[in-house]
Every structure is written in structure tokens, then in C-alpha cells.
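# Residue-level structural notes
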Amino acid sequence: MTCFRCGRASTSESEVLTWVNERDGGRSRWLCPDCARAHVRDIESKLPDEHW
Ligand SMILES: [Zn+2]
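Let me begin by describing the structure that accompanies this report. These numbers come from a predicted model, not from an experiment.

### Structural notes on the coordination of the zinc ion
The protein atoms donating to the zinc ion are Cys3 (SG), Cys6 (SG), Cys32 (SG) and Cys35 (SG), with metal-donor distances spanning 2.3 Å. Around the zinc ion sit four donor atoms, and with donor-metal-donor angles ranging over 102 to 116° the site reads as tetrahedral. The sequence pattern formed by the donor residues of the zinc ion is C-x2-C-x25-C-x2-C.

See below:
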């Protein structure tokens with residue numbers, strides 16, 4: 001399992017629990033905890049423009 005944003009690989013099963021699975025057009029991809037936080041901020045700031 002590899003973070004699609006930064007390419008970091010998860011190293012332990014307990015760490016996997018903190019990763020975020022995101023579905024995009026039927027595919028699922030994984031975000032490490034750090035990227036998940038940054039990514040959520042990206043989505044929230046971009047959503048008004050890109051979504052509409
Ligand atoms: Zn990452």
C-alpha cells in the first residue's frame with residue numbers, strides 16, 4: 001500500500017489504520033495521514049471552483 005500523493009509506503013499494520021482510503025471514479029487509492037490532512041484542505045479550498 002502506497003500513498004498516491006507522496007509515494008510513501010505504509011510500514012506496519014497498525015499504521016494502516018490511520019491511512020485514508022479515497023474512492024475516485026471507481027478506483028480506490030490511499031493517502032498517508034499527513035497527506036490526508038493536506039488533501040482534505042486542498043479539497044475544501046478547491047471545491048467551490050472545481051465542483052461547480
Ligand atoms: Zn503521503
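Having put the structure on the table, let's press on.
### Section: the packing of aromatic side chains
Enumeration according to the criterion identifies zero aromatic pairs in this entry. Positioned above the aromatic ring of phenylalanine 4 is the side chain of arginine 29, whose terminal nitrogen or guanidinium carbon lies 4.0 Å from the ring centre.

Definitions and limits used
- Residues numbered from 1 in each chain as written.
- Predicted model: local features only at pLDDT ≥ 70, side-chain atom pairs only at ≥ 80, totals over all residues.
- Heavy atoms only, no water.
- Donors = N, O, S within 2.8 Å, 3.2 Å for Na, K, Ca; no water.
- Tetrahedral: all angles 85-135°; square planar, octahedral: opposite > 155°, others 65-115°.
- Phe/Tyr/Trp six-rings, centres within 6.5 Å; stacked < 30°, edge-to-face > 60°.
- Lys NZ or Arg CZ within 6 Å of the ring centre and 35° of its normal.

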